[in-house]
Amino acid sequence: MMKSDASVLLFFIDGLGIGTRGPFNPLDNLPDANPLAVFQNEPPATFLDGIVVPTDPRLGVEGRPQSASGQTTILTGVNAPARIGYHKQGFPNQALVEIINAESIFKQLREAGVSPITFANAYTDGFFAERPRWISATTAAVEAAGMRFRTVADLKNDNAVFMDFTNRILIERGVDVLLRTEQKAAEVLARIASENRFTLYEYFITDKVGHAQDMLLAKQILTSLARLIRELLVRLDLQRTTVILTSDHGNIEDLSSRNHTLHAVPTIIWGAQREQIAAQISSLADITPAVVSLLTTDVSD
Ligand SMILES: [Zn+2]
């Protein structure tokens with residue numbers, strides 16, 4: 001028996017749900033084919049045979065799904081809102097950090113001997129110098145597993161991707177890096193994914209733009225994000241790498257309100273193992289178990 005060399009890229013997008021068509025949904029009537037343009041009661045238009053699984057972010061707990069508890073659920077497989085009794089906004093509290101410390105996907109994969117595993121995002125020097133008091137679910141998971149954070153130096157060496165993959169936000173903050181096209185960002189992320197058995201990448205701007213209810217900016221970033229995803233998919237060996245794109249809750253798909261929505265989120269799966277993964281997913285709590293099972297299954301050939 002030998003271990004499979006299957007790999008997974010988990011592409012997390014904050015605040016992307018499955019809405020209805022209409023004037024408040026920036027995904028309606030976009031000019032190009034967009035893998036993220038999934039609408040309720042319509043068969044999804046797929047790109048490179050991706051499978052779309054409408055995924056429950058409400059997890060049986062009353063109220064609007066929120067980031068801290070939703071991301072904790074995605075990154076651990078534990079139904080975090082049910083565990084703490086509510087949907088927790090923003091950053092994880094102690095109860096959520098404890099769930100992450102005990103159950104994070106990085107920790108589970110490491111304990112199962114899946115290696116190498118990585119977090120592709122670059123963090124700025126400011127993050128390390130002035131440690132923010134509140135840290136995200138992902139930051140907590142990376143720290144709990146004792147993993148290295150990629151830095152601006154890695155970004156300059158084409159060995160990391162910033163949360164805003166074009167680097168525009170960094171440049172506006174005065175960081176000395178080059179603006180990247182979607183193609184260039186895709187090239188870097190595809191290479192990182194090809195060198196690791198598990199790669200996490202996170203994108204948050206969708207949620208910010210959803211709260212701001214900015215239709216023009218929403219259409220721009222969703223078009224750019226779709227371009228990144230298309231460029232990424234054509235650069236990956238989809239026989240080896242399974243791409244799982246998911247979100248923690250809806251938001252940007254309905255700009256009539258500044259709140260998160262109650263919609264299902266799209267989990268979109270690409271790659272040779274897509275049917276097997278899709279069959280295992282119905283809520284956010286199913287993502288980590290599906291990834292762990294794919295990467296720890298022995299193959300006998
Ligand atoms: Zn939000």
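Structure: see above.
Right, let's walk through the structure included here.

Criteria and cut-off values
- Residues numbered from 1 in each chain as written.
- Predicted model: local features only at pLDDT ≥ 70, side-chain atom pairs only at ≥ 80, totals over all residues.
- Heavy atoms only, no water.
- Donors = N, O, S within 2.8 Å, 3.2 Å for Na, K, Ca; no water.
- Tetrahedral: all angles 85-135°; square planar, octahedral: opposite > 155°, others 65-115°.
- Helix = DSSP H or I, 4+ residues; strand = E, 2+ residues; numbered from the N terminus.
- Buried < 20%, exposed > 50% of the residue type's maximum accessible area, 1.4 Å probe, protein only.
- Phe/Tyr/Trp six-rings, centres within 6.5 Å; stacked < 30°, edge-to-face > 60°.
- 1 Å grid on protein atoms, 1.4 Å probe; cavity = no way out; pocket = protein on both sides within 12 Å on 5 of 7 lines; lining within 4 Å.
- Points joined across faces, edges and corners; volume = space filled by probe spheres on them.
- Nonpolar A, V, L, I, M, F, W, Y, C, P; charged D, E, K, R; others polar.
- Core = buried A, V, L, I, M, F, W, Y, C linked by side-chain atoms within 4.5 Å.
- Contact = heavy atoms within 4.5 Å.
- Salt bridge = Lys/Arg side-chain N within 4 Å of Asp/Glu carboxyl O.
- Pairing = 2+ DSSP bridges.
- Axes fitted to C-alpha atoms, helices over the stretch in contact; angles between N-to-C directions.

**Considering the coordination of the zinc ion**
Octahedral metal centres with six donors ideally show angles of 90 or 180 degrees, and tetrahedral centres with four donors ideally show 109.5 degrees.
Moving on, step 1. Every protein donor of the zinc ion is accounted for by Asp207 (OD), Asp207 (OD), His211 (NE2) and His260 (NE2), and the metal-donor separations fall at 2.0 to 2.6 Å.
Moving on, step 2. Around the zinc ion sit 4 donor atoms; with metal-centred angles ranging over 54 to 139°, the donor geometry is irregular.
Moving on, step 3. Counting the intervening residues between successive donors of the zinc ion yields the motif D-x3-H-x48-H. In this pair, Asp207 sits in helix H10 (residues 205-212) while His260 sits in the loop between strand S8 (241-246) and strand S9 (265-270), placing the two residues 53 residues apart along the sequence. Side by side, Asp207 and His260 carry an identical accessibility label, which is buried.

**A look at the packing of aromatic side chains**
Moving on, step 1. Tallied over the full model, the rule gives 6 aromatic pairs.
Moving on, step 2. With 5.2 Å between their ring centres and 70° between their planes, Phe11 and Tyr201 make a pair best called edge-to-face. Placement of the pair is Phe11 in strand S2 (residues 7-13) and Tyr201 in strand S7 (residues 198-203), with a sequence separation of 190 residues.
Moving on, step 3. Ring centres of Phe165 and Tyr203 lie 5.6 Å apart, and the angle between their planes is 40°; this geometry places the pair in the tilted category. Residue Phe165 is located in the loop between helix H7 (152-156) and helix H8 (168-172), and its partner Tyr203 is located in strand S7; the two are separated by 38 residues in the primary sequence.

**A closer look at empty space enclosed by the protein**
Moving on, step 1. Counted by the stated rule, this structure contains 2 cavities of 30 Å³ or more.
Moving on, step 2. Empty space within the largest cavity amounts to approximately 40 Å³.
Moving on, step 3. Elements represented by at least two residues in the lining of the largest cavity include exactly S2, helix H1 (67-76) and S7.
Moving on, step 4. In terms of residue count, H1 provides more of the lining of the largest cavity than any other element does, 3 residues in total.
Moving on, step 5. Of the residues in the lining of the largest cavity, the class split is 5 nonpolar, 2 polar and 1 charged.
Moving on, step 6. If you add up the space inside the second largest cavity, you get close to 30 Å³.
Moving on, step 7. Together, Leu30, Asp32, Ala33, Asn34, Thr223, Ala226 and Arg230 line the second largest cavity.
Moving on, step 8. In the lining of the second largest cavity, the residues fall into 3 nonpolar, 2 polar and 2 charged.

**As for the layout of surface pockets**
Moving on, step 1. Space inside the largest pocket adds up to approximately 840 Å³.
Moving on, step 2. Lining the largest pocket are 31 residues, with Phe91, Ser136, Met163, Phe204 and Lys208 positioned closest to its centre.
Moving on, step 3. Elements supplying a minimum of two residues to the lining of the largest pocket: H1, strand S5 (122-123), helix H6 (137-144) and H10.
Moving on, step 4. Per-class residue counts for the lining of the largest pocket are 12 nonpolar, 12 polar and 7 charged.
Moving on, step 5. In this structure, the second largest pocket encloses a volume near 270 Å³.

**Some details on the nonpolar core**
Moving on, step 1. Grouped together as the largest cluster of nonpolar side chains are 90 residues, with contacts concentrated most on Phe11, Ile13, Leu36, Phe106, Phe198, Leu225 and Ile229.
Moving on, step 2. Not counting residues within four places of it along the chain, the set of residues in contact with Leu225 comprises Phe11, Ile13, Leu36, Phe165, Tyr203 and Thr206.

**Let's talk about the pattern of salt bridges**
Side-chain pairing between opposite charges can occur once the charged atoms of the two side chains come close.
Moving on, step 1. Across all of its chains, the model carries 12 salt bridges by this definition.
Moving on, step 2. Among the ionic pairs, Lys184 bridges to Asp158, the shortest N-O distance being 3.0 Å. Residue Lys184 is located in helix H9 (residues 182-195), and its partner Asp158 is located in the loop between H7 and H8; the two are separated by 26 residues in the primary sequence.
Moving on, step 3. Residue classification places Lys184 among the partly exposed positions, given a relative accessible area of 27%.
Moving on, step 4. Between Lys184 and Glu187 there is a salt bridge whose closest N-O contact spans 3.5 Å. Taken together, the positions of Lys184 and Glu187, both in helix H9 and 3 residues apart, correspond to about one turn of that helix.
Moving on, step 5. Overlapping salt bridges bring together Asp158, Arg180, Lys184 and Glu187 as one network.

**Description of the sheet that holds S8**
Moving on, step 1. If you trace the 6 strands from one edge of the open sheet to the other, you get S3-S9-S8-S2-S7-S4, paired in mixed fashion. Unpaired on one side and paired on the other, strand S3 (51-55) and strand S4 (117-119) mark the two borders of the sheet. The average undirected angle you get between the axes of adjacent strands in this sheet is 15°.

**Considerations on the pairing of S7**
Moving on, step 1. Summarising burial for S7: 6 of the 6 residues are buried, a large majority.
Moving on, step 2. Along S7, one buried face is formed by Phe198, Leu200 and Glu202 and the opposite face, lined by Thr199, Tyr201 and Tyr203, is buried too.
Moving on, step 3. Of the pairings in the sheet, the one linking S2 to S7 comprises 6 bridges and is parallel in character. Across the sheet, the residue bridging to Phe12 is Glu202, located in S7.
Moving on, step 4. Across 3 bridges, S4 lies against S7 in parallel orientation. Following the sheet pairing, Ile117 is matched in S7 by Phe198.

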